[in-house]
Number of protein chains: 2
Amino acid sequence: MLRMAVTLRDVAEAAGVSVRTVSNVVSDFPHVSDGVRRRVRQAIEDLDYRPNPIARTLRTGRTGMLALIVPEIDPPYFSGLARNVIDAAAEHGYRVMIDQTGHDHDRERELLTGGGRTMLFDGLLFSPIVTNAELLEMKVSRSVPLVLLGEYSFDGQYDHVAIDNVHAARQAVTHLINLGRTRIAAIGTQPLEQYSTPLQRASGYHEALRSAGFDRHPAYQISSTSYSRADGYAAAAQLLAVTPQPDAIFCFSDLLAIGAMAAIHDAGLRIPTDIAVIGIDDIEEGQYARPSLSSVSIDTPFIASEAVRLLAARIDDPESPTSQILAPHRVIPRQSTAVDTEPTGNN
Amino acid sequence: MLRMAVTLRDVAEAAGVSVRTVSNVVSDFPHVSDGVRRRVRQAIEDLDYRPNPIARTLRTGRTGMLALIVPEIDPPYFSGLARNVIDAAAEHGYRVMIDQTGHDHDRERELLTGGGRTMLFDGLLFSPIVTNAELLEMKVSRSVPLVLLGEYSFDGQYDHVAIDNVHAARQAVTHLINLGRTRIAAIGTQPLEQYSTPLQRASGYHEALRSAGFDRHPAYQISSTSYSRADGYAAAAQLLAVTPQPDAIFCFSDLLAIGAMAAIHDAGLRIPTDIAVIGIDDIEEGQYARPSLSSVSIDTPFIASEAVRLLAARIDDPESPTSQILAPHRVIPRQSTAVDTEPTGNN
DNA sequence: TTGTAAGCGTTATCAC
DNA sequence: GTGATAACGCTTACAA
């Protein structure tokens, strides 16, 4: 604090009333006579008094802040989510602190088990990378309301807003199959077993192949440590060297797909003529890519607003039963999986 | 709070010591005998005691939180900045709350003048959209340390980390001129006078044209309300209808440029053969676009770490003289402004 | 080295 | 309707 703060007491003194009365005026308590109210208002104005939220918090136990915990804030999916969460939170009177786990398992645990200054927040919105099982194994601090994001099947112990990743992936691959593609590769599997999203999307990929009666070709599955453009580029380059060459690629994220498209383009191949590409997330970048990127859209505004609504309710009533909400998704076909009629002109 | 919190007093009681001693142990005060320390540690463990950061804050006046105020969090430039700010803040022991002004002038004022719960934060990192003059006109609350981001010339009243927008824009346009382009359009000017960045970039654009002896062609300057892909697309479409058609476009942001490239592509024109395109920000998306997007790179990690450093110092010593730091930038030539090797007969 | 107690600026429980 | 005053949980003189 740069200079001594003006307190309730100062105002009370200036207005010639008690702190109780000033507090009443500040918090719009109804039973204050108009004359007194006016005098207090004037004193507040004169002294430029601002209530100290910390002191208020200590008394009320409410900070008015939520924490949003994501792996990273800069990938478009998460920054879009953050934007929607911040906006939704504002509608409920909350502000949002953002923390990044950096895809670090231990950091997730640390943030969740309340190692840090968890009490600074009225509630937590948490987008985990680890699986259900891993998460339940951690002894999550029960002292702070928590809503989980993005994970499909929890056991009802927590509120959560989820995507059906298995189904989303299956629909994406089925879309490629319906195009007549038969050699369908996937980018984004994970070597480690503890991460949830890649497992589910891989599972959807396998389901779709099985339904179509296709074999799984190990060389068609490229794992990637992150869901970045760079990883997509490298993985696609690797796929192009496989014989027979894939005629379609399902990427576990749009960023991977963007990278893959660049690699395919640089190799002198055409999209979708030679290789069709589809991603997941439906980020705006894909709409403006040329060819534009087909994707599975995920309703982030819905996820954000439902999650904040659930969290606000949980804060107000810690004992109410938990809710599980499924966010809608749908395949958005664009040029990268268009039925091949004319050249895309992308080179 | 879901259940009654365990307090210092509870621990003290359990360990058979005074709260003072427990507090000493918790805050690693050196002069505590080993036996007592062990006993206290044990009691803390047993009771699962977590210090209440709010109470600590009320005493010390420090929350350990910074606020980052940006127009929007989801454009890549700002989400990248946020990521770097969060990381830099963590190194100084701070966490970061993010607020969006939504490009709203009044909201900026409200956040800055401390209308809200400003005291919750030890300091503010503020990326303003309004000009210097507008900002100084607001009576910014002096009660909270403030570092400004992205604005070039303030009068030294505040700490700030800035980009030389005029120079960055001039270099971008000069790069186009050096390519031999003569009909150079610009996308991103603003009809309103109070926004800083567009004014500066427009000014750099004009300077470069003047140096080259080119006239300003009013129809070559397209204003846009936001720096989005959609605005870039629409603006470029508008430019393509102008005669004579521009042979280069300088976009005030990479997002605008991405949109413009899509429009040019959709019109059946080639980049850079028919029209060269350059943006500002050097977002990763531009590297993976095809053709890849030339841009002016801005050193966001530098901006973030310097800004946090300045803010931390300001918090520690409110009276020290302010610093003004200029972040480096440089033109990154890519395919969208590559020297044209194909025969075109165009110039 | 450790205990006692006085705040930090609110809100809320009593009285009057 | 308004005034004292006791918390909220912590840090930190001041004592011991």
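Residues numbered from 1 in each chain as written. Chains lettered and ligands numbered in written order. Predicted model: local features only at pLDDT ≥ 70, side-chain atom pairs only at ≥ 80, totals over all residues.

Draft legend 1. A look at the overall build of chain A. A tally of regular secondary structure across chain A gives 13 helices and 12 strands. When its C-alpha atoms are laid out on the principal axes, chain A stretches across 90 × 45 × 30 Å. When contacts within chain A are restricted to residue pairs at least 6 apart in sequence, long-range pairs at least 24 apart make up 71% of them. (Helix = DSSP H or I, 4+ residues; strand = E, 2+ residues; numbered from the N terminus. Contact = placed C-beta atoms within 7 Å.)

Draft legend 2. The protein's contact with DNA strand C, seen in detail. Around DNA strand C sit 26 residues in total, of which A:Leu8, A:Asn52, A:Ala55, B:Ser18 and B:His31 are the nearest. Of all elements in the fold, only α2 (19-26) and α4 (53-60) of chain A together with α2 (19-26) and α4 (53-60) of chain B reach the threshold of two or more residues within the surface near DNA strand C. At 5 residues, the largest contribution of residues to the surface near DNA strand C is made by α4(A). In terms of residue class, the surface near DNA strand C is made up of 12 nonpolar, 9 polar and 5 charged. (Near = placed C-beta within 6 Å. Nonpolar A, V, L, I, M, F, W, Y, C, P; charged D, E, K, R; others polar.)

Draft legend 3. Examining the environment of B:Asn52 more closely. Residues and elements named next belong to chain B. Here Asn52 shows up in the loop between α3 (34-47) and α4. Looking at Asn52, the number of C-beta atoms within 10 Å reads 20, which means it is buried. Each C-alpha atom, one on Asn52 and one on Phe29, is 18 Å from the other, the two residues being 23 residues apart in sequence. (Buried ≥ 20, exposed ≤ 12 C-beta atoms within 10 Å, placed from the backbone.)

Draft legend 4. Structural detail: the interface of chain B and chain A. Listed by partner, the interface residues are 43 residues for chain B and 44 residues for chain A. Top element by residues in the side of chain B that touches chain A is strand β2 (residues 95-100) of chain B. It accounts for 6 residues. A per-class count over the side of chain B that touches chain A returns 19 nonpolar, 11 polar and 13 charged.

Draft legend 5. View of the protein's contact with DNA strand D. Taken together, 26 residues are adjacent to DNA strand D, and A:Ser18, A:Thr21, A:His31, B:Leu8 and B:Ala55 come closest. Looking at the surface near DNA strand D, the elements that each hand over two or more residues are α2 and α4 of chain A together with α2 and α4 of chain B. When residues of the surface near DNA strand D are assigned to their parent elements, the largest contribution, 5 residues, is made by α4(B). Residues of the surface near DNA strand D, tallied by class, amount to 12 nonpolar, 9 polar and 5 charged.

Draft legend 6. View of the relation of the copies chain B and chain A. For these two chains of identical sequence, chain B goes onto chain A by a turn of 180° and a shift of 0.0 Å along the axis, with RMSD 0.1 Å. Both chain copies can therefore be described as sitting about a two-fold axis. When each C-alpha of chain B is compared by its distance to the rotation axis, B:Met97 comes out closest, at 1.9 Å. Interface overlap between copies: 100% of the residues of chain B at the interface are likewise at the interface in chain A, consistent with a symmetric, same-surface contact. (Least-squares fit on C-alpha atoms with pLDDT ≥ 70 in both.)

Draft legend 7. Structural detail: the nonpolar core. A:Ala260 and B:Ala260 are the most contacted members of the largest nonpolar core, which has 96 residues in total. Among the nonpolar cores identified, the runner-up in size contains 86 residues, and A:Tyr77, A:Ile283, A:Ile303 and A:Ala312 belong to it. (Core = buried A, V, L, I, M, F, W, Y, C linked by C-beta atoms within 7 Å.)

Draft legend 8. Representation of the packing of helix α10 (residues 229-240) of chain B against helix α11 (residues 254-266) of chain B within the structure. Residue and element names in this part refer to chain B. Following both chains from N to C, one finds α10 and α11 inclined at 45°, their axes separated by 6 Å at the closest point. As the angle between them shows, α10 and α11 are arranged oblique. Between α10 and α11 lies a crossing whose hand is right-handed. Where α10 approaches α11, its residues Arg229, Ala230, Asp231, Gly232, Tyr233, Ala235, Ala236 and Ala237 are matched on the opposing element by Leu255, Leu256, Ala257, Ile258, Gly259, Ala260, Ala262, Ala263 and Ile264. Each residue belonging to the contact of α10 with α11 can be placed in one class, and the counts come to 13 nonpolar, 2 polar and 2 charged. (Axes fitted to C-alpha atoms, helices over the stretch in contact; angles between N-to-C directions. Parallel < 35°, antiparallel > 145°, perpendicular 65-115°, else oblique. Left-handed = near helix turned anticlockwise from the far one by under 90°.)

Draft legend 9. How the structure looks around the domain arrangement of chain A. Segmenting chain A into domains produces domain 1 (8-60), domain 2 (65-163 + 301-326) and domain 3 (165-298). Here domain 1 of chain A and domain 3 of chain A have C-alpha centroids that lie 61 Å from each other. (Domains from an automatic or database assignment.)

Draft legend 10. Seen up close, α3(B). With 14 residues, α3(B) extends 20 Å between its outermost C-alpha atoms, agreeing within 8% with the 20 Å of an ideal straight helix rising 1.5 Å per residue. Of the residues trailing α3(B), B:Asp48 is marked for its positive phi of about 55°. (Expected span 1.5 Å × (residues − 1).)

Draft legend 11. Here's a closer look at α11(B). Residues and elements named next belong to chain B. In this model, α11 (13 residues) spans 18 Å end to end at C-alpha, consistent with the 18 Å of a helix rising 1.5 Å per residue. Among the 13 residues that make up α11, 12 are buried, leaving the element largely enclosed by the rest of the structure. Of all the residues in α11, the buried ones are Asp254, Leu255, Leu256, Ala257, Ile258, Gly259, Ala260, Met261, Ala262, Ala263, Ile264 and His265. Directly beyond the C-terminal end of α11, a positive phi value near 80° is found at Gly268.

Draft legend 12. Quick peek at the pairing of strand β10 (residues 294-298) of chain A. Residue and element names in this part refer to chain A. Buried residues dominate β10, accounting for 4 of its 5 residues. In the sheet, strand β9 (residues 276-281) pairs with β10 via 4 bridges, with the strands oriented parallel. From the neighbouring strand, Ile280 faces β10, where its bridge partner is Val296. By the bridge criterion, 4 bridges tie β10 to strand β12 (residues 329-332) in an arrangement that is antiparallel. (Pairing = 2+ DSSP bridges.)

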